[in-house]
Amino acid sequence: MHKLLENVFCWCYPLLRKWGVEDTLASYTSLAINILILSFLSYLIFFAFRFFLVTVMAIVAKKTRTKFDDLLISNKTAKYISHLIPLLFIYKSVPIILNDFVYWESVFGNLVGVYIILLILWIVRTIFNALRDYLKLKPEYSDKPIDSYIQVIMIILWMIGLTVIVSELFNIKANTLFTTLGAVSAIIILIFRDIILGFVASVQVSLNDMVRIGDWITFDKFGADGDVIEINLATVKVRNFDNTTTTIPTYSLISDSFRNWRGMLNSDGRRIKRHLLIKAKSIHFLTEEELVKMKKIQLISKYIEHRQIEIDKFNSFHEVDKSLPINGRNLTNFGLFRKYITCYLENYPSLNKDMILLCRQLQPTAQGIPLEIYTFTKDKKFENYEYIMSDIFDHIIASIGYFDLEIFELSTGKENGS
C-alpha cells in the first residue's frame, strides 16, 4: 500500500527538478498537484464505495425478511461508511504528500485522525439507532426503555472517543488523562449533573420496572395524565388524554411520587370507589306499613320476609315492648337501602363478582353519613368504565327516595325564601 501511494504522489517533485524548477517552487507546486490528485482520488473512492455499499445494501434488504437492514438504510449507515474509506485513504496519504512539511504533516494527520474517530462514532450511532428501531418493532421489547440503554452506551463510547481525541491532539497518554479527569471529578459531576442523574434514574427505572412504554401514569406535579410514549436518558414523554404532550425529567420518577395504572390494567377489574352523603335526620326505623310497601321491591322482598321472621322471633322471645320502635331489634331504611344496593350490584352484569363488592357506611361527617360503593368493573377501558359508574350512581340516586332517605346538598338560599 505504501509503495503504491509513493508511486502516485512522489513523481511530481523529481520531474519538476529535472525540468530545472527551483527547489522551493518545485516543493509547493508538487504539493498543490498532489492535493488535487488526492482530492480527485478521494472523491472517486467515495463515489464508488457509496454506490457499491448503497446498492448492495438495498439489494440485500429487498431479499431478506428482517427489517434490520431496512432500518440501516433509513439511518444512512452505508452513506457514513462510504465516507470512512476515502478518509482512511487520506490518512495514509498525508504523511507521503507532506513529507517535506513536518509541522503540517502532524497537524493535518491529527485532524484527519480526529475526523476518522468522530465518523466511526457516528457510524456506530446509526447502527445503534437502527437496532433501537428494530427492537421497538418486537412486541417483547416494545415496552422497554430502549432509548435509555442506547444513550448510556453512546455516552460511554463518546467519552472513550473524546479521551482518545484529546490524547492524540495533545500527545497525552490515556492513563494520564484519566488521572487528570479523576482529579477534577467534582467539576465534571457539577457540569454533567443532569446527565448523571438521568443515567442513575434510567437504570433504577429499568431494573425496578417502574415505568414501561405504553403505561398509563398520573403525575400531578407535572400535570401528566396519559400514556408513556418515550423513555430516554433525560426525559419521559407522556401523551395526555387531551393529546397534549408532557415532558417529565427521568430523575423525577424516583424522587417524586406518581401513579402507574399498569397494575389495574393487568388485573381482572377496575375499581369503583365513590360515595354519597346521606342526611342523618332522614335515617329512621321502619314501621310495619313501610315494610309492607318495601316488600314490593323485588330485589329485597325475600330478604325483608326472612329478616322480619328473625326479628319477630327475637322480640317475642325477649318480650320486647314494641310500643317504642327503639326497643328490641328493628330494620332501618338506611340498612335496607344498603342491602338493596348490594343486591343491585350483585345483579349488575358489568361488574366482576369474583372481586370485592360491597356497599358500606363510612365515618359520619358534618355533612351526613357517607354511603360508599366499592366494587370492580370487568371493562377497564376509560369511557366504558365511566359509563358503568355513572349508570350505577344514576340508579342509586333515583332509588334513594323510595327508602325515604335524602342526599346532602348545600343550600342555595332559595329554599329559605331568600
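Residues numbered from 1 in each chain as written. Predicted model: local features only at pLDDT ≥ 70, side-chain atom pairs only at ≥ 80, totals over all residues. Heavy atoms only, no water.

S.K.: Sorry, what's going on with a nonpolar patch on the surface here?
M.R.: Nonpolar side chains collect at one region of the surface, where Ile 196, Phe 199, Val 200 and Val 203 lie side by side and expose about 270 Å² of accessible area between them. With respect to the helices and strands, Ile 196 occurs in helix H10 (residues 193-207). Residue Ile 196 is classed as partly exposed on the basis of its relative accessible area of 34%. (Patch = residues over 30% accessible without salt bridge, like charges linked within 9 Å, V, L, I, M, F, W, Y side chains within 5 Å. Areas by Shrake-Rupley, 256 points an atom, 1.4 Å probe, with all protein chains shown as cover. Salt bridge = Lys/Arg side-chain N within 4 Å of Asp/Glu carboxyl O. Helix = DSSP H or I, 4+ residues; strand = E, 2+ residues; numbered from the N terminus. Buried < 20%, exposed > 50% of the residue type's maximum accessible area, 1.4 Å probe, protein only.)

S.K.: Help me understand the environment of Leu 84 in this model?
M.R.: Positionally, Leu 84 belongs in helix H5 (residues 77-97). Sequence separation of Leu 84 and Ile 117 is 33 residues, and the distance between their C-alpha atoms is 9.7 Å. The residues touching Leu 84, leaving out its near neighbours within four places in the chain, are Ile 116, Leu 119, Ile 120 and Ile 123. (Contact = heavy atoms within 4.5 Å.)

S.K.: Before we go on, may I ask you to explain the sheet that holds strand E4 (residues 245-249) in this structure?
M.R.: Sheets are built from strands paired through backbone hydrogen bonds, the pairs being either parallel or antiparallel. The strand order across the open sheet built from five strands is E4-E3-E2-E1-E5, with neighbouring strands paired in antiparallel fashion. Each edge of the open sheet carries a strand with a single partner, namely E4 and strand E5 (259-260). Sheet analysis places strand E3 (residues 235-240) next to E4, joined by five bridges and oriented antiparallel. Along E4, the bridge assignment pairs Thr 235 with Pro 249. (Pairing = 2+ DSSP bridges.)

S.K.: Can you walk me through the pattern of salt bridges in this structure?
M.R.: Two side chains of opposite charge can pair, provided their charged atoms sit close to one another. Taken as a whole and judged by the stated rule, the model has nine salt bridges. Measuring nitrogen to oxygen at the nearest pair gives 2.8 Å for the salt bridge that ties Arg 262 to Asp 215. With Arg 262 in helix H12 (residues 262-266) and Asp 215 in the loop between H10 and strand E1 (216-219), the pair connects residues that are 47 residues apart, well separated along the chain. Side by side, Arg 262 and Asp 215 carry an identical accessibility label, which is buried. The closest approach of N and O atoms between Lys 273 and Glu 372, which form a salt bridge, is 3.3 Å. With Lys 273 in strand E6 (residues 270-278) and Glu 372 in strand E8 (residues 369-377), this pair connects stretches of sequence that are 99 residues apart. Judged by its relative accessible area of 43%, Lys 273 falls in the partly exposed class. Shared partners join several salt bridges into a network, and the residues in it are Lys 273, Arg 360 and Glu 372.

S.K.: Just to check I follow, could you spell out the packing of aromatic side chains for this structure?
M.R.: In this description, an aromatic ring pair is defined by two values, namely the gap between the centres and the angle between the planes. As enumerated under the stated definition, the model contains eleven aromatic pairs in all. With centroids separated by 5.4 Å and ring planes inclined at 75°, the aromatic side chains of Trp 216 and Phe 241 adopt a geometry described as edge-to-face. Linking Trp 216 in strand E1 with Phe 241 in the loop between E3 and E4, this pair joins segments that are 25 residues apart in sequence. For Phe 241, a relative accessible area of 48% gives the class partly exposed. Residue placement shows Arg 270 over the ring face of Trp 261; its charged tip is 5.7 Å from the ring centre. The cationic tip of Arg 270 hangs over the ring face of Tyr 385; the distance from NZ or CZ to the ring centre is 4.0 Å. (Phe/Tyr/Trp six-rings, centres within 6.5 Å; stacked < 30°, edge-to-face > 60°. Lys NZ or Arg CZ within 6 Å of the ring centre and 35° of its normal.)

S.K.: What am I meant to see in the sheet that holds E6 here?
M.R.: Taken together, three strands build an open sheet; the order of strands is E6-E8-E7 and the sheet is antiparallel. With partners counted over all chains shown, the strands left at the sheet margins are E6 and strand E7 (358-361), one partner each. Between one strand axis and the next, the sheet turns by 20° as a mean value, whatever way the strands run. With nine bridges joining them, E6 and E8 adopt antiparallel strand pairing. The residue of E8 that forms the bridge with Leu 276 is Leu 371. Along the sheet, helix H16 (residues 382-399) makes contact with E6 and E8, crossing E6 at roughly 30°. (Axes fitted to C-alpha atoms, helices over the stretch in contact; angles between N-to-C directions.)

S.K.: How should the pairing of E1 be read in this particular structure?
M.R.: Along any regular strand, the residues point their side chains to alternate faces of the sheet. With burial as the criterion, each face of E1 is covered, one bearing Trp 216 and Thr 218 and the other bearing Ile 217 and Phe 219. Where E1 lies against strand E2 (residues 224-231), four bridges are found, and the strand directions are antiparallel. Bridge pairing links Trp 216 to Asp 227 in E2. In terms of strand pairing, E1 meets E5 through two bridges, oriented antiparallel. Paired with Ile 217 across the two strands is Asn 260, which belongs to E5.

S.K.: What should I look at first to understand the packing of helix H14 (residues 298-317) against helix H15 (residues 333-346) in this one?
M.R.: Relative placement of two packed helices is described by the angle separating their axes and the distance separating the axes. In the contact formed by H14 and H15, the axes pass within 9 Å of each other and the chain directions differ by 125°. Our classification of the angle between H14 and H15 gives oblique. Here H14 runs over H15; the crossing is right-handed. Residues Leu 299, Ile 300, Tyr 303 and Ile 304 of H14 pack against Leu 336, Lys 339, Tyr 340, Cys 343 and Tyr 344 of H15. Split by residue class, the contact of H14 with H15 holds eight nonpolar, no polar and one charged. (Parallel < 35°, antiparallel > 145°, perpendicular 65-115°, else oblique. Left-handed = near helix turned anticlockwise from the far one by under 90°. Nonpolar A, V, L, I, M, F, W, Y, C, P; charged D, E, K, R; others polar.)

S.K.: Whenever I open this one, H15 confuses me. Can you help?
M.R.: Along an α-helix, residues three or four apart share an orientation, since each turn contains 3.6 residues. With 14 residues, H15 extends 20 Å from end C-alpha to end C-alpha; this agrees with the ideal 20 Å at 1.5 Å per step. Of all 14 residues in H15, ten are buried, a share of seventy percent or more. Among the residues making up H15, those that are buried are Asn 333, Phe 334, Leu 336, Phe 337, Tyr 340, Ile 341, Thr 342, Cys 343, Tyr 344 and Leu 345. Of the surrounding secondary structure, the elements contacted by the buried residues of H15 are E6, helix H13 (288-294), H14, E7, E8 and H16. (Expected span 1.5 Å × (residues − 1).)

S.K.: Help me understand the environment of Asp 404, please; the structure alone is not making it clear to me.
M.R.: Relative to the assigned elements, Asp 404 resides in the segment after H16. For Asp 404, a relative accessible area of 36% corresponds to the partly exposed category. Between the C-alpha atoms of Asp 404 and His 284, which are 120 residues apart in sequence, the distance is 8.9 Å. Ignoring any residue separated from it by four or fewer positions in sequence, one finds Asp 404 in contact with Ser 282, His 284, Glu 290 and Asn 333.

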